[in-house]
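This is what each chain is made of:
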Amino acid sequence: MKVWFLLFMGNFLSHGYLILLTGTFWDDWLYYYHDTDRVWEHFIQSGRPSLAYIPAAFWNLPGYGYRWVIFGCCFITSIFVYLILRNIPFFEKNLKNTGCLAVSLFYTVMPVNDARVCMVDMPFTISLLMFFAGWYVFIRYRSQTANVRNFRLRIAAEVLFFCSFITNSMLVFYFLPLFFIFYEEICAKRNLKKAAVKMLKQADFFMLPFIFYAGKQFFFPAYGIYEGYNAVTLSGMVHAVKLLTKAVCLAVKNVYIEFFYPFISLAKIAALILLTIWITGCLVLRKTGKKTDCSFFHRGGVFYNIAAMGIGILMTAFGLFPYIVVSQSEYISITGVYGRYSLLLPIGMALFFFSGIRIVCKYNWTRFVVCAVFLVLGSIACNCHYLNYQIDAYYQEALINKLSDNEYLKEKKNLLLLSSSLPVTGSTRFYTLNGDASVAYGSQTRLIMNGYGDLQMLEKDLNYLAQSDYLMNDYDASYKKLDGIIVFDFDIQYHECLKLRWMEYADKSAFQKYIDSKAEFSYYPADSRKAALLIESGYE
């Protein structure tokens, strides 16, 4: 129970603001402002009809209610991570209970995948929970004596794994449980042939991903606007293998930088220099010290820590590989719109960073302090990302207020939004802007573009807006004239964001006055001199 409490506190301190966060972001606009039939059609065309039940189950909750479930899923997943580590012989022998707990805490505070704030990414969180639950149940099944094994545990593990494959990247990540099965059999039999014969008795587990993939392709193929979406080819897989090493190195680098995210704008260089000095000092102590005190997180020595780092890199590689295949790029986003691509990174990164600290730091107190520093940094970074989303939500609300108060704009069709203070989350884009407009005006008859790049949309065939899953059902695609430019700026800091969150509860009218006072809104007709100057100067 103490372990569970510590893991809960780790989740609460790093992701607690997720429970309070309000606002609608990215593709979630399609869920809340489309009729249910079109949402169901969206999932059927994507080949994942079962996922339609998730938004259907949460439509009647407040707009942020599903985030409570996401927080709960993440917390329970961290418990399964701890239990898995405690029951895999390699980690149980070399990390012991305290080390397994430390890795699990690193897992909870890893500053990646802030995309979990969106309902559209909720299936990925649920899949992750089912995957780790299936892994733990399978370990429990294998830990029983062969002649008294509970067959129901075997079935439960297979069902959990199978259901987790609704997130396709799990089909690749599934290699990890199989890898540890092989490791355990080799250690037990000390003979490759005998281990292979033993593993054949569990052939049903090895066939699971192939059965799922074949069944999905046969019964639920993607079609319509999703035909060919996330397609996998042999040449693409070969190219992804070539990109994998660089992708892993970039992921490690970017996760490391994310730990210092709150300080990058002010003291990035200072923070990195201080950490470098600290690590150098630890290395010097390791080299010159005569007395070792490694009772904390201790087992096995440098060899086992290097092996654990290698396993962490392996986990990271298998977590990245499916996304590299799809994107054909070595750069995988770990935050922002595509932060969901880092869904499978935390466990590998947690092992990598923790084992690295054990190698660098020889003494008990240095290991403890460095681990504590990284846990605190990770918690702060996670909360800063959530505050960014809350600022984004207030940005949207202020924009909606300004749009609805401007009678002149109600008759306009095509508008260009320019802003020097776009939210860093990157969520203020097509869906969001036109979702804001649909709330402000009660209709989907206008197009709001974000930046000059979107102006090219007016030169293309816009009929797809009404035909696809966009918030433009009633838009007149034949109207290709730019009506005007909106210049909108809204800038608040983290401390103001927390103040506003309190004002929402305490005094709603004061809250509205405050966000309105922070917003600057101007409109210029497309044929005006000011609009021409803005376009010529490349206003940002």
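The rules behind the values
Once a new chain begins, its residue numbering starts again from 1 and follows that chain's sequence as written. Owing to the predicted nature of the model, reporting of local features is limited to residues with pLDDT of at least 70; listing and counting of side-chain atom pairs is limited to 80 or more, with chain, interface and lining totals taken over all residues. The side-chain figures draw on all heavy atoms in the structure; neither hydrogens nor water molecules are used. Going along the chain from the N terminus, every DSSP run of H or I of four or more residues is numbered as a helix, and every run of E of two or more is numbered as a strand. Using a 1.4 Å probe on the protein chains alone, a residue whose accessible area is under 20% of its type maximum counts as buried, one over 50% counts as exposed, and one in between counts as partly exposed. Throughout, a residue-residue contact means that at least one pair of heavy atoms, one from each residue, lies within 4.5 Å. Using a 1.4 Å probe, accessible areas were evaluated by the Shrake-Rupley method; residue-level cover was limited to the displayed protein chains. When the centres of two rings from Phe, Tyr and Trp lie within 6.5 Å, Trp using its six-membered ring, the rings pair. Their planes under 30 degrees apart give stacked, over 60 give edge-to-face, and anything left gives tilted. Geometrically, a lysine NZ or arginine CZ counts as sitting over a ring once it is within 6 Å of the ring centre and also within 35 degrees of the ring normal. Here, axes are lines fitted to C-alpha atoms. For helices the fit covers the stretch in contact, and angles between N-to-C directions go from 0 to 180 degrees. The labels follow the angle: roughly parallel below 35 degrees, roughly antiparallel above 145, roughly perpendicular from 65 to 115, and oblique for the rest. Salt bridge, as used here: a side-chain nitrogen of Lys or Arg that lies within 4 Å of a carboxyl oxygen of Asp or Glu. A residue's pLDDT is the predictor's confidence in that residue, given on a scale from 0 to 100. Polar contact is defined as a pair of N or O atoms within 3.5 Å, subject to the rule that within protein one atom must be able to donate a hydrogen and the other to accept it, and that residues adjacent in sequence are counted only when both atoms are side-chain atoms. As used in this record, nonpolar core signifies buried Ala, Val, Leu, Ile, Met, Phe, Trp, Tyr and Cys residues forming a set joined through side-chain atoms within 4.5 Å. Here a helix's expected span is defined as the number of its residues, less one, multiplied by 1.5 Å. One axis is fitted to the seven residues ending at the residue and one to the seven starting there. The bend at that residue is the angle between these axes. When DSSP finds at least two bridges between two strands, those strands are taken to pair.

Trainee: What is the right way to read the overall build of the protein chain from this model?
Mentor: What the protein chain contains, in helices and strands, is 24 helices and 4 strands. With 540 residues in all, the protein chain has 52% of them scored as buried. Excluding contacts between residues fewer than 6 apart, the proportion of contacts in the protein chain whose partners are at least 24 apart in sequence is 83%. For the protein chain, the exposed area adds up to about 24,900 Å²; of that, 63% sits on carbon and sulfur atoms.

Trainee: Would you explain unusual backbone geometry in this entry?
Mentor: Negative phi is the rule for most residues except glycine; trans is the rule for most peptide bonds. Phi is positive for tryptophan 26, close to 55°, though the residue is something other than glycine. Looking at the secondary structure, you find tryptophan 26 in the loop between α2 (17-20) and α3 (28-32). Here tryptophan 26 falls in the buried class, since its relative accessible area comes to 2%. Positive phi is not limited to glycine here, since lysine 96 has a value of about 60°. With respect to the helices, strands and loops of the structure, lysine 96 is situated in helix α8 (residues 96-109).

Trainee: Would you take a moment to explain the packing of aromatic side chains for this structure?
Mentor: To describe a pair of aromatic rings, one takes the distance between the centres and the angle between the planes. Inspection of the entire model under this criterion finds 38 aromatic pairs. Look at phenylalanine 8 and phenylalanine 75: their rings are 5.4 Å apart centre to centre, the planes differ by 85°, and that puts the pair in the edge-to-face class. On the criterion of sequence distance, the pair formed by phenylalanine 8 in helix α1 (residues 2-15) and phenylalanine 75 in helix α6 (residues 66-87) is long-range, its members being 67 residues apart. On the basis of relative accessibility, which here comes to 33%, the residue phenylalanine 8 falls in the partly exposed class. Plain terms: the ring middles of phenylalanine 165 and phenylalanine 212 are 5.6 Å apart, the flat faces sit at 70° to each other, and that makes the pair edge-to-face. In this pair, phenylalanine 165 is assigned in the loop between α10 (151-164) and α11 (170-173) and phenylalanine 212 in helix α14 (residues 203-219), connecting sequence segments 47 residues apart. With respect to class, phenylalanine 165 is no different from phenylalanine 212; both count as buried. In this arrangement the basic side chain of lysine 530 is found over the ring face of tyrosine 524, its NZ or CZ atom lying 5.9 Å from the centre.

Trainee: Honestly, the packing of helix α15 (residues 234-259) against helix α18 (residues 345-360) in this entry has me stumped. Any pointers?
Mentor: Packed helices, taken two at a time, are described by the angle their axes make and the gap between the axes. The N-to-C vectors of α15 and α18 enclose an angle of 80°; their axes lie 11 Å apart at closest approach. In terms of their interaxial angle, α15 and α18 are classed as roughly perpendicular. Along the contact surface, α15 presents Ala251, Val252, Val255, Tyr256 and Phe259, while α18 presents Leu345, Met349, Phe352 and Phe353.

Trainee: Would you mind going over the pattern of salt bridges with me for this structure?
Mentor: When the charged atoms of two side chains with opposite charge come close together, those side chains can pair. In total, this model carries 6 salt bridges according to the counting rule given. A salt bridge links glutamate 92 to arginine 86; its shortest N-O distance comes to 4.0 Å. Exposure remark for arginine 86: the relative accessible area of 26% places this residue in the partly exposed category. Arginine 501 is paired through a salt bridge with glutamate 504; the nearest N and O atoms lie 3.0 Å apart. Of the two residues, arginine 501 and glutamate 504 are both situated in helix α22 (residues 494-506); the distance of 3 residues between them amounts to about one turn of the helix. According to the relative accessible area criterion, arginine 501 is buried, its value standing at 7%. On the accessibility criterion, glutamate 504 (17% relative accessible area) is buried.

Trainee: Looking at this structure, how should I read the confidence of the model for the protein chain?
Mentor: Low pLDDT means the predicted coordinates in that region are not meant to be read closely. When the pLDDT values of the protein chain are averaged, the result is 82; 85% of them are 70 or greater. The least confident element of the protein chain, judged by mean pLDDT, is helix α16 (residues 261-288) at 57; the most confident is α6 at 93. Segment residues 289-299 is flagged for pLDDT under 50; beyond a separation of four residues in sequence, or across chains, it makes 34 contacts in the model.

Trainee: Got a minute to help me understand the side chain of threonine 167 in this structure?
Mentor: Tracing the backbone shows threonine 167 in the loop between α10 and α11. Engagement of the side chain of threonine 167 in a polar contact is seen with the side chain of serine 127, the distance being 2.8 Å. Contacts of threonine 167, omitting those with residues within four sequence positions, involve Pro123, Phe124, Ser127 and Leu343.

Trainee: What should I look at first to understand the nonpolar core in this one?
Mentor: The tendency in soluble globular proteins is for nonpolar side chains to be buried side by side. With 90 residues, the main nonpolar core has Phe91, Phe106, Phe132, Trp135 and Phe161 as its most contacted residues. With 12 residues, helix α9 (residues 122-143) is the single largest residue contributor to this core. Apart from residues lying up to four places away in sequence, phenylalanine 161 is in contact with Phe131, Gly134, Trp135, Phe138, Tyr174, Pro177, Phe205 and Leu208. Among the nonpolar cores identified, the runner-up in size contains 55 residues, and Tyr17, Leu21, Val39 and Ile492 belong to it.

Trainee: How do you make sense of the environment of glycine 356 when you look at a structure like this?
Mentor: One can find glycine 356 in helix α18. Accessibility expressed as a relative area gives 16% for glycine 356, which makes it buried. In the structure, glycine 356 is positioned 48 residues away from alanine 308 in sequence and 8.9 Å away in space, judged by C-alpha atoms.

Trainee: Sorry, what's going on with α14 here?
Mentor: Think of an α-helix as 3.6 residues a turn; residues three or four steps apart then line up on the same face. Across its 17 residues, α14 extends 24 Å between first and last C-alpha, which sits within 8% of the 24 Å expected from 1.5 Å per residue. Along α14, the largest kink reaches about 30° and is centred on proline 209. When we look at burial in α14, the residues that qualify are Phe205, Leu208, Pro209, Phe212 and Lys216. Contact partners of the buried residues in α14: α9, α10 and α11.

Trainee: Honestly, the sheet that holds strand β1 (residues 414-418) in this entry has me stumped. Any pointers?
Mentor: Each strand in a sheet pairs with its neighbour through backbone hydrogen bonds, running either in the same direction (parallel) or in the opposite one (antiparallel). Taking strand neighbours across the sheet as the criterion, the 4 strands line up as β2-β1-β3-β4 in an open arrangement whose pairing is mixed. Since the sheet does not close on itself, it has two edges, and those belong to β2 (447-450) and β4 (519-525), each with one partner. Across the sheet, the mean angle separating the axes of adjacent strands is 25° when strand polarity is ignored. Taken together, the 4 bridges between β1 and strand β3 (residues 484-490) define a ladder with parallel strand orientation. Bridging from a neighbouring strand, leucine 418 pairs with valine 487 of β3. In the packing of helix α19 (residues 364-405) onto the sheet, contacts are made with β1, β2, β3 and β4, and the angle to β3 comes to roughly 135°.

Trainee: How do you make sense of α6 when you look at a structure like this?
Mentor: Spanning 22 residues, α6 covers 32 Å between terminal C-alpha atoms, matching the ideal 32 Å at 1.5 Å per step. Buried residues dominate α6, accounting for 16 of its 22 residues.

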